[in-house]
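Tertiary structure, described
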Amino acid sequence: MSQPPPQEHRPGFDDADNVVLTKLAALLIPFILIYGFYVQVHGDFGPGGGFQAGVILASAYILYALVHGVRRAQRLLPRKITDVTAPLGVVIYAGVGVVTLLQGGHLLDYDVLDPQHTQHAQEWGMFLVEAGVGLTVASVMATIFNEIAEQ
Amino acid sequence: MIGDALLLLLVITAFAVVEVRNLFAATVLLGIYSLLMALTWTNMNAYDVAFTEAAVGAGISTILLVGALILTGDRTVGSRERESKGVNWPALLAVTLLGVALAYGVYDAPLGDPTAAPHLGVARYYIQQPIVDAHVPNMVTVTLASYRGYDTMFETAVIFTAGAGMILLLRRDPSDARTQPPGGLRPAAPRRES
């Protein structure tokens, strides 16, 4: 983000010379990211949750890629990272289920995470699984866009 | 009132999507359709669904469809063969009958009635209990993440499968010469219209 790499001019998705678009994207992307994280952690109290947050976060990446080109976007968020985080979200979600099993409860029965304060346990369980959902959705949306844009 | 206007616009947009011959215009109209649908959900106080519709239907889907259009480069379809065909009367009769049957069924349904049979069973529990069980006011989140945790877990797995499928089908390994087209790594540049 700090120092843009040398520009190589390529047509199509990698076309990135438009000042208006780059400045507008630079204005919008921080707000999109903050909104995405807000939706992620505030899903208990307002509309939204992991799925919507993941899509919003991915849309920030897609906007950057549309404006600056897929190659520069991938220097920011390499495919190696999204390839790991996409299954990691599922692993986090299923991991919460395994933990509840090991604690002696049913699968994804969050009450056993903190039997004294089941409301807290529910909040924690939902927070963790929503984090997993958000991680997977954001990574997969970015991956799908990458694979289409790179063709 | 607003709901009726939105539904009218929805029907008009749906017809426009089917009628328009330019696929790019159809894609944009589909985005408009999703946005109108999101407004309709909002009008029904279904904010979570509206949120998803706006983010996925109007946002990501439109981008992916535009990407697919750029890849295939096909912008208009069936302009010529469509003019030669007249109205398919048996099909029109069939869809009209089906539409009347569906309208009759919906007309008979107790929509928005809190004393209707579907709202008297477990629905009441799932509306009243989230704030007690989990101290979370958004019952949609509690239903998705806690009461119906299995469903959401496998939905996440389905999304992951979609991403894995894209990688397996479309990703090219730069070091693998077999996957490279003879002209180099990049195929023909996406077509641009002025």
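All of these numbers come straight from a predicted model, not from anything done at the bench.

About the thresholds
The numbers attached to residues start from 1 for each chain and follow its sequence in the written order. Lettering of chains starts at A and numbering of ligands starts at 1, both following the order in which they are written. The predicted origin of the model limits local features to residues at a pLDDT of at least 70 and limits the giving and counting of side-chain atom pairs to 80 or more, whereas totals for whole chains, interfaces and linings rest on all residues. For side-chain calculations, the full set of non-hydrogen atoms in the structure is used, while hydrogens and water are omitted. To form a nonpolar core, buried Ala, Val, Leu, Ile, Met, Phe, Trp, Tyr and Cys residues must be joined to one another through side-chain atoms within 4.5 Å. To sort residues, take the accessible area from a 1.4 Å probe on protein chains only and compare it with the maximum for the residue type: under 20% means buried, over 50% means exposed, and anything in between is partly exposed. Elements are defined by DSSP. Helices are runs of H or I of four residues or more, strands are runs of E of two residues or more, and each kind is numbered from the N terminus. The split of the chain into domains comes from an automatic or database domain assignment. When checking whether two residues touch, look at their non-hydrogen atoms; a contact exists if any pair is within 4.5 Å. In this description, buried area is defined as the sum, over both parts, of the accessible area (probe of 1.4 Å) that is lost when the two are combined. By definition here, a salt bridge exists when the distance from a side-chain nitrogen of Lys or Arg to a carboxyl oxygen of Asp or Glu is within 4 Å. The term polar contact refers here to a pair of N or O atoms within 3.5 Å; inside protein, the definition further demands a hydrogen-donor-capable atom paired with an acceptor-capable atom, and it admits residues adjacent in sequence only when both atoms are side-chain atoms. Polar here means any residue outside two lists: the nonpolar Ala, Val, Leu, Ile, Met, Phe, Trp, Tyr, Cys and Pro, and the charged Asp, Glu, Lys and Arg; Gly therefore counts as polar. The patches described consist of residues with a relative accessible area above 30% and no salt bridge, like charges being joined within 9 Å and nonpolar side chains (Val, Leu, Ile, Met, Phe, Trp, Tyr) within 5 Å. The accessible surface values rely on the Shrake-Rupley method and a 1.4 Å probe; as for residues, cover is taken only from the protein chains in view. Expected span, for any helix, means 1.5 Å times one less than how many residues it has. In summary, the pairing rule links any two rings of Phe, Tyr or Trp, Trp by its six-membered ring, whose centres are within 6.5 Å, and it sorts them by plane angle into stacked for under 30 degrees, edge-to-face for over 60 and tilted for everything else. Bend at a residue means the angle formed by two fitted axes: the first through the 7 residues ending at that position, the second through the 7 residues beginning there.

Considering the nonpolar core
By size, the foremost hydrophobic cluster in this structure holds 44 residues, and its most contacted members are V55, L108, M126, V129 and F145 of chain A. Every element with two or more residues in this core is listed here: α1 (19-41), α2 (50-68), α3 (70-76), α4 (79-102) and α5 (118-149) of chain A together with α3 (47-72), α8 (139-147) and α9 (149-170) of chain B. Element by element, the count of residues in this core is highest for α5 of chain A, at 11 residues. When residues of this core are assigned to domains, at least three map to each of domain 1 (1-76) and domain 2 (113-178) of chain B.

Focus: the interface of chain B and chain A
In this assembly, 45 residues from chain B lie in contact with 49 residues from chain A. Together, the buried faces of chain B and chain A total about 4,300 Å²; carbon and sulfur atoms form 70% of this surface. The tally of links from chain B across to chain A stands at 2 salt bridges. Between chain B and chain A we count 13 residue pairs in polar contact (both at pLDDT 80 or more) in total. Among the elements of the structure, α3, α7 (130-133), α8 and α9 of chain B are those that each provide at least two residues to the side of chain B that touches chain A. The dominant element in the side of chain B that touches chain A, judged by the number of residues it contributes, is α3 of chain B, at 13 residues. Within the side of chain B that touches chain A, the residues separate by chemical class into 29 nonpolar, 10 polar and 6 charged.

Description of a nonpolar patch on the surface
Residue and element names in this part refer to chain A. Together, V41, W124, F127 and L128 make up a nonpolar patch on the protein surface, roughly 380 Å² of accessible area in all. The element that contributes the greatest number of residues to the nonpolar patch is α5, accounting for 3 residues. Structurally, the position occupied by F127 is in helix α5.

A word on α2 of chain A
Taking 1.5 Å of rise per residue, the 19 residues of α2 of chain A would be expected to cover 27 Å, and the 27 Å separating its terminal C-alpha atoms lies within 8% of that figure. α2 of chain A sits mainly inside the fold: 15 of its 19 residues count as buried.

Here's the deal with the packing of aromatic side chains
All chains considered together, the criterion is met by 6 aromatic pairs over all chains. Following the ring pairs from residue to residue traces out a cluster consisting of Y35 and Y38 of chain A together with F51 of chain B.

Describing α1 of chain A
In a regular helix each residue adds 1.5 Å, so 23 residues correspond to 33 Å; α1 of chain A covers 34 Å between its end C-alpha atoms and thus fits that length. Along α1 of chain A, the sharpest change in direction is near 30° and occurs at L28 of chain A; proline P30 of chain A comes one to four residues later. Burial in α1 of chain A covers these residues: T22, A25, I29, I32, G36, V39 and Q40 of chain A. Turning to α1 of chain A, the residues buried within the fold contact α2 and α5 of chain A together with α3 of chain B.

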